[in-house]
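# Topology and contacts: notes
Residue strings, one per chain:
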Amino acid sequence: MTRPFDRSLKIAPSILAGDFADFGAECRAVEGQGADWVHVDVMDGHFVPNITFGPAMCKALRPHVSGVMDVHLMIAPVDPLLDAFLESGADILTAHVEAGPHIHRTLQSIRAGGAKAGLALNPGTPVEAVAPLLEDIDLILVMTVNPGFGGQRFLHTQLEKVRTLRAMIGDRPIHLEVDGGIDARTAPLATAAGADILVAGSAIFHGGSASAPSAYGRQIEAIRASGTAGMPDTSVQASPQGEESSR
Ligand code: DX5
Ligand code: ZN
């Protein structure tokens, strides 16, 4: 089911900070506590210096995510694995512009496979890389840490990039997502700059568990409240749960 695009603030917990032995329960727990999307970090030990999981894990998680499964591919090369990730049932597949010479082809393949296409930028990558791809993407992910690990400090230098990208997006139906170091303190900086999707790992999962998830709910709501307060246009603050759900 595809729902219409909307730019209301959405919180996307990164299960990278959850219990690796119990990801299905972690996905259900964060959704039960108000998460809008579930963010899944795929790492290959090559493009980034850490390994997480692959398409089989994404496929196994799919029945445990009732809303949007937002899969962040930190892998290179990405094209040989795209079919497997498309078959995993991801709603959004985000590839890094730095991960290979044929990002345009990658984005086309993602859309042709029935998923939304995301484009991620490392902190050292300039916004100019996005301009020729604006008609081929549904989401831009600005890394506000160097990819590879959770729990790093938010890079304030990336806020200018978020502002520039928000202006580039204009009225196009493209989400602007920030990922890394997001908590209740940095969320309003990101939303004031134009972000509408906030990924957060450690700030949501710390102090809770799938069997005692109320901390997840409190932490999601703290990020939502401060992120909403930072949003420049108060008329778009309504944040219905779900959106652009499972295909
Ligand atoms: C980092 C990942 C992030 C990470 C965020 O490479 O892409 O999604 O899990 O974790 P925190 O919120 O702890 O910085
Ligand atoms: Zn991520």
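Anything mentioned here points back to the structure above.
Below, the structure is looked at part by part. The structure presented is a predicted model; accordingly, all values stated were derived computationally and were not measured. (Residues numbered from 1 in each chain as written. Chains lettered and ligands numbered in written order. Predicted model: local features only at pLDDT ≥ 70, side-chain atom pairs only at ≥ 80, totals over all residues. Heavy atoms only, no water.)

## Observations regarding the pairing of strand S1 (residues 10-13)
A regular strand places its side chains so that they alternate between the two faces of the sheet. On S1, burial covers both faces: Lys10 and Ala12 on one face and Ile11 and Pro13 on the other are all buried. Here four bridges tie S1 to strand S8 (residues 197-200), and the two strands are oriented parallel to one another. In the sheet register, Lys10 faces S8, and the bridge partner there is Ile197. (Buried < 20%, exposed > 50% of the residue type's maximum accessible area, 1.4 Å probe, protein only. Helix = DSSP H or I, 4+ residues; strand = E, 2+ residues; numbered from the N terminus. Pairing = 2+ DSSP bridges.)

## Some details on the site of ligand 1
What surrounds ligand 1 is a group of 20 residues, the closest being Asp41, Gly148, Asp179, Gly201 and Ser202. Within the contact set of ligand 1, an oxygen atom lies 2.9 Å away from a side-chain nitrogen or oxygen of Ser14. Contact distances for ligand 1 include 2.7 Å between an oxygen atom and a backbone N or O atom of Gly201. Taking 390 Å² as the accessible area of ligand 1 by itself, protein coverage stands at 99%. (Near = heavy atom within 4 Å. Polar contact = N/O pair within 3.5 Å; in protein donor to acceptor, adjacent residues only side chain to side chain. Areas by Shrake-Rupley, 256 points an atom, 1.4 Å probe, with all protein chains shown as cover.)

## Considering unusual backbone geometry
Cis geometry is found at the peptide bond from Ala76 to Pro77, where omega equals -5°. Residue position: Pro77 is located in the loop between strand S3 (68-74) and helix H3 (82-87).

## Section: the side chain of Asp41
Topologically, Asp41 is positioned in strand S2 (residues 37-43). Summary of buried charges: Asp41 has no salt-bridge partner, and the nearest side chain of opposite charge, Arg62, is 16 Å away. In terms of polar contacts, Asp41 uses its side chain to reach the side chain of Ser14, at 2.6 Å. Beyond its immediate chain neighbours, meaning those up to four positions away, Asp41 contacts Ser14, Leu16, Thr52, Phe53, His72, Met74 and Asp179. (Lys, Arg positive; Asp, Glu negative; His and termini not counted. Salt bridge = Lys/Arg side-chain N within 4 Å of Asp/Glu carboxyl O. Contact = heavy atoms within 4.5 Å.)

## With respect to the coordination of the zinc ion (ligand 2)
By definition of the ideal shapes, four donors in a tetrahedron about a metal sit 109.5 degrees apart, and six donors in an octahedron sit 90 or 180 degrees apart. For the zinc ion (ligand 2), the full set of protein donor atoms is His39 (NE2), Asp41 (OD), His72 (ND1) and Asp179 (OD), and the range of their distances to it is 2.0 to 2.3 Å. The site at the zinc ion (ligand 2) holds six donor atoms, and with the angles between them running 67 to 170°, its shape is octahedral. Counting gaps between the donor residues of the zinc ion (ligand 2) yields the pattern H-x1-D-x30-H-x106-D. Remark: His72 occurs in strand S3 and Asp41 occurs in strand S2; sequence separation between them is 31 residues. Like Asp41, the residue His72 is buried in the burial classification. (Donors = N, O, S within 2.8 Å, 3.2 Å for Na, K, Ca; no water. Tetrahedral: all angles 85-135°; square planar, octahedral: opposite > 155°, others 65-115°.)

## What to know about the packing of aromatic side chains
Following the criterion strictly, the structure yields four aromatic pairs and no others. Judged by centre distance (4.7 Å) and plane angle (55°), the ring pair of Phe20 and Phe23 falls under tilted. Residue classification places Phe20 among the partly exposed residues on the basis of a relative accessible area of 42%. Both rings, one in Phe23 and one in Phe53, keep their centres 5.5 Å apart while their planes meet at 70°; by these two values the pair is edge-to-face. Of the two residues, Phe23 is situated in helix H1 (residues 23-32) and Phe53 in the loop between S2 and helix H2 (55-61); the sequence distance between them amounts to 30 residues. Note on Phe23: relative accessible area 4%, which makes it buried. With a relative accessible area of 9%, Phe53 lands in the buried category. (Phe/Tyr/Trp six-rings, centres within 6.5 Å; stacked < 30°, edge-to-face > 60°.)

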